[in-house]
Amino acid sequence: METEYVILLDFSTGEIIKIKLSKRQRKESEQYDDFEEYLATLEKEYGFRLDDCQWMITETYLERKYGF
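In what follows, the accompanying structure is described. The structure presented is a predicted model; accordingly, all values stated were derived computationally and were not measured.

A word on the sheet that holds strand β1 (residues 5-10)
On the basis of which strands lie adjacent, the open sheet formed by three strands has the order β2-β1-β3 and antiparallel pairing. Two strands bound the open sheet, and with one partner strand each, they are β2 (15-20) and β3 (53-58). Adjacent strand axes in the sheet meet at a mean angle of 15° when their direction is disregarded. Relative to β2, β1 is paired through six bridges, and the arrangement is antiparallel. If you follow L8 over to β2, its bridge partner there is I17.

Given below as structure tokens:
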């Protein structure tokens, strides 16, 4: 699976953070054995604390909303 998107659920702020990785970021992430180690390098750039989040990676991004 090609990692294209990172979705984070930030429990400290109640936010859903969606990041579409650039080509450069995808290439950089391949240098890490553990993707979570790479995510830690993005904390300051995107304003989250990995310790406060659950995350997932996906090749495509679809969203469904109910009751909005």
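More follows now that the structure is in view.
Things to note about the nonpolar core
Listed in full, the 12 residues of the largest apolar core are V6, L8, I17, I19, L21, F35, Y38, L39, L42, F48, L50 and C53. Put simply, the parts of the chain that give this core at least two residues each are β1, β2 and α2 (35-40). If you tally residues by element for this core, the top one is α2, at three residues. Apart from the residues lying within four places of it in its own chain, the contact partners of I17 are V6, I7, L8, D10 and F48.

So, the side chain of E4
Considering the arrangement of structural elements, one finds E4 in the segment before β1. Looking at E4, the relative accessible area reads 17%, which means it is buried. There is a polar contact of 3.5 Å between the side chain of E4 and the side chain of R26. Dropping the residues within four chain positions of it, E4 is found in contact with I19, K20, L21, R26, T58 and E59.

Quick word on the packing of aromatic side chains
Counted according to the given criterion, the structure contains four aromatic pairs. Taken together, a centroid distance of 5.8 Å and an interplanar angle of 40° make the contact between Y5 and Y61 tilted. Of this pair, Y5 sits in strand β1 while Y61 sits in the segment after β3; the two residues are 56 residues apart in sequence, bridging distant segments of the chain. Residue Y61 is classed as partly exposed on the basis of its relative accessible area, which comes to 30%. For the ring pair Y32 and Y38, a centre distance of 5.6 Å and an interplane angle of 55° mean the geometry is tilted.

Brief notes about the pairing of β1
Counting the residues between successive antiparallel strands, the hairpin from β1 to β2 contains four residues, one of them, G14, with a positive phi of roughly 75°. The pairing of β1 with β3 spans six bridges and is antiparallel. Across the sheet, D10 pairs through a bridge with C53, a residue of β3.

Quick notes on the rules
Residues numbered from 1 in each chain as written. Predicted model: local features only at pLDDT ≥ 70, side-chain atom pairs only at ≥ 80, totals over all residues. Heavy atoms only, no water. Pairing = 2+ DSSP bridges. Helix = DSSP H or I, 4+ residues; strand = E, 2+ residues; numbered from the N terminus. Axes fitted to C-alpha atoms, helices over the stretch in contact; angles between N-to-C directions. Core = buried A, V, L, I, M, F, W, Y, C linked by side-chain atoms within 4.5 Å. Buried < 20%, exposed > 50% of the residue type's maximum accessible area, 1.4 Å probe, protein only. Contact = heavy atoms within 4.5 Å. Polar contact = N/O pair within 3.5 Å; in protein donor to acceptor, adjacent residues only side chain to side chain. Phe/Tyr/Trp six-rings, centres within 6.5 Å; stacked < 30°, edge-to-face > 60°.

These values are about where atoms sit, not about what they do.
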